[in-house]
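In case you want the letters, here they are:
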Amino acid sequence: MHYVEAVDEYVFPPSYDNKSLFLAGGITGCSDWQAEMVEKLSETDLTLLNPRRKDFPIDDPSAAREQITWEWHHLQSAKAISFWFAKETIQPIVLFELGKWLVHGKKIFIGIDPEYPRRQDVEIQTGLELMIEIVYSIDELAEQVKNSKL
């Protein structure tokens, strides 16, 4: 596994050799589920793109633009995206990103904490757009990624 954390740059290899996975999901007000995914995928040959920084400079007015730009670029370039909807917050930006990427033909994995308040919305909207198996634990989400052909 290769690990890239926001806002470190990553030079993507040619598409035929791009085995990258963007870890999309809440980064504010919820557990560090990304650390769990990184641990569970540590034995793979994937490049994991983590938008959660260890230290976000909250007092720096340019930090938000830098963060959002990093995420936009790495979501565009990643071969696949895993979405995790944690129970602690609604995560409107993650909902926005899921809506955008459902229609782009990129490989997507979706996991939802069973207690996520908008669980039914994600299930219905996803089902109307794609036939995709949604899972309900970080363990299942990591297994889906491991069993896929990235």
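Parameters at a glance
Residues numbered from 1 in each chain as written. Predicted model: local features only at pLDDT ≥ 70, side-chain atom pairs only at ≥ 80, totals over all residues. Heavy atoms only, no water. Helix = DSSP H or I, 4+ residues; strand = E, 2+ residues; numbered from the N terminus. Rg over C-alpha atoms; globule rule 2.2 N^0.38 Å. Buried < 20%, exposed > 50% of the residue type's maximum accessible area, 1.4 Å probe, protein only. Axes fitted to C-alpha atoms, helices over the stretch in contact; angles between N-to-C directions. Parallel < 35°, antiparallel > 145°, perpendicular 65-115°, else oblique. Left-handed = near helix turned anticlockwise from the far one by under 90°. Contact = heavy atoms within 4.5 Å. Nonpolar A, V, L, I, M, F, W, Y, C, P; charged D, E, K, R; others polar.

Draft legend 1. Up close: the overall build of the protein chain. From N to C terminus, the protein chain includes 5 helices and 6 strands. Counted from the first residue to the last, the protein chain has its helices and strands arranged as β-β-α-β-α-β-α-β-α-β-α. Whereas a compact globule of 150 residues would reach a radius of gyration of roughly 15 Å, the protein chain reaches 15 Å, a difference of no more than 12%. The buried share of the protein chain, taken over its 150 residues, is 45%.

Draft legend 2. Just the packing of helix α1 (residues 33-40) against helix α5 (residues 138-147), in detail. Running from amino to carboxyl end, α1 crosses α5 at an angle of 45°, the nearest separation of the two axes being 10 Å. It follows from the interaxial angle that α1 and α5 lie oblique. Note on packing geometry: the crossing formed by α1 with α5 is right-handed. Of α5, the residues touching α1 (which contributes W33, E36, M37 and K40) are I138, D139, L141, A142, V145 and K146. Looking at the contact of α1 with α5 residue by residue, the classes come out as 6 nonpolar, no polar and 4 charged.

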